[in-house]
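Coordinate inspection notes
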Amino acid sequence: MLLTIKNHSFELIASNDIVTPRFWQKELIRLVRRRLILNSKHRDLLIHAGPGAGKTLGALLAFKTMQREGLLNRFIVFCHRNSILHQWKESAKILELSLEVIEEYEELEEPVGKSDSLLITYQGAAKNENSISLLIKKWADGGLLAIADEVHHLGVSPDQDEGPAWGRAFSSLTDNFTLRLGLTGTPFRADNLAFCAARKIRIEENGSIVEQISPDLIVEPRELIAAGDVRPIEFHFQDGWVEHSKSGQPDRDCSQLSIEERESWRSRNLRRAIRLSDTNSIALNLLVRARQKLEKVRLEHQNAAGLVIARDILHAKSIASFLEENGDTVQLVHSQDKESAENLASFEEA
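The structure contained in this document is the topic of the report that follows.

Definitions and limits used
- Residues numbered from 1 in each chain as written.
- Predicted model: local features only at pLDDT ≥ 70, side-chain atom pairs only at ≥ 80, totals over all residues.
- Heavy atoms only, no water.
- Salt bridge = Lys/Arg side-chain N within 4 Å of Asp/Glu carboxyl O.
- Helix = DSSP H or I, 4+ residues; strand = E, 2+ residues; numbered from the N terminus.
- Buried < 20%, exposed > 50% of the residue type's maximum accessible area, 1.4 Å probe, protein only.
- Axes fitted to C-alpha atoms, helices over the stretch in contact; angles between N-to-C directions.
- Parallel < 35°, antiparallel > 145°, perpendicular 65-115°, else oblique.
- Left-handed = near helix turned anticlockwise from the far one by under 90°.
- Contact = heavy atoms within 4.5 Å.
- Nonpolar A, V, L, I, M, F, W, Y, C, P; charged D, E, K, R; others polar.
- Phe/Tyr/Trp six-rings, centres within 6.5 Å; stacked < 30°, edge-to-face > 60°.

**Description of the pattern of salt bridges**
- Here the structure, examined in full by the defined rule, presents twelve salt bridges.
- For the salt bridge of aspartate 44 with arginine 180, the shortest nitrogen-to-oxygen distance reads 2.7 Å. Linking aspartate 44 in strand β4 (residues 44–49) with arginine 180 in strand β10 (residues 179–184), this pair joins segments that are 136 residues apart in sequence.
- Taking the relative accessible area as the measure of exposure, aspartate 44 reaches 17% and is therefore buried.

Pasting the structure below:
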């Protein structure tokens, strides 16, 4: 493997493959370098980028570059579930980075420390906080980077010292780290809690001053598409009427999805709209039209495929059953599937 650094640009050559940072990954490397060189008091960096942007490889490239420049020595990657660990491990191999993996169900009886870097789930970190803390204390040479994948899972509440277990454990373990890098596709939480590795700014909203999480770097999908890094995805708005009635009662109420203002009815409408058991459901009609569209596309592109995103695992299984009954070959991928990362990679490369 040949590694070259010229004018702070980064190029990695492995075998016959060349891994060159994307435009935003180069900006991330520059951003990390500035924070480290200036020794800024702001040691939290938040990157907002959607699926396919290359957040995993970008974070690892940033560490690898800073390690070569002597600004960082070791790092720990925190993930929200086991299946994501394997994606990080495979990406680390590309850059010849050694990661000691600790899965969430593992319970350590003694301090870890076979490797210079760790890869661990949030649950695993909370369960083994004492053991990991002892290891970090041994890393006395500093230059530590914490990477929090899908960092919005690390909610922190200023009114609760204990707070959510994952956020509390992450904050405690990384308190003395040189830099904390948060990665997310959704820089907010439904409960409006702040989260680790993110800074907040004060803004005026409806005449009041409120705090809002502010990413340090935002990667727009249109920029990735323009650069040829990801393929465009089309979203066609679907609307319709949902009818509600109670068994044994003659009264019925109809509500349109797009203009419903009642919160409870809006959520009920959405649940009803994606159900496949109702022959008039919007989701069922949408799937039928999507299959017809796909058949036309395959006349010119034989390998064309479709991606359906479901509400949860049960909903995904019902969609898979419907498609299979109509003669489609379906690959079901979900968080409890150990081969999910490999299946997604296979779909991407097809």
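Still more ground to cover, so stick around.
**Some words on the packing of helix α2 (residues 55–68) against helix α3 (residues 82–94)**
- Relative to each other, α2 and α3 sit at 45°, their axes nearing to 10 Å. Here α3 runs oblique to α2, going by the angle between their axes. Handedness of the α2/α3 crossing: right-handed. On α3, the residues that touch Thr56, Leu57, Ala59 and Leu60 of α2 are Trp88, Ser91 and Ala92.
- Along the lines of polarity and charge, the residues of the contact of α2 with α3 split into five nonpolar, two polar and no charged.

**Let's talk about the packing of aromatic side chains**
- Following the criterion strictly, the structure yields four aromatic pairs and no others.
- Between the aromatic rings of phenylalanine 78 and phenylalanine 170, the centroid separation amounts to 4.9 Å while the plane-to-plane angle is 80°, which identifies the pairing as edge-to-face. With phenylalanine 78 in strand β5 (residues 74–79) and phenylalanine 170 in helix α6 (residues 165–173), the pair connects residues that are 92 residues apart, well separated along the chain. Phenylalanine 170 shares its class with phenylalanine 78; the two are buried.

**What about the environment of glutamate 100?**
- As for its position among the elements, glutamate 100 is in strand β6 (residues 100–102).
- Classification of glutamate 100 by relative accessible area gives buried; the value is 14%.
- On a C-alpha basis, the gap between glutamate 100 and isoleucine 76 in space is 9.3 Å, while along the polypeptide they are 24 residues apart.

In short, the description is geometric, and any link to function would need to be established separately.
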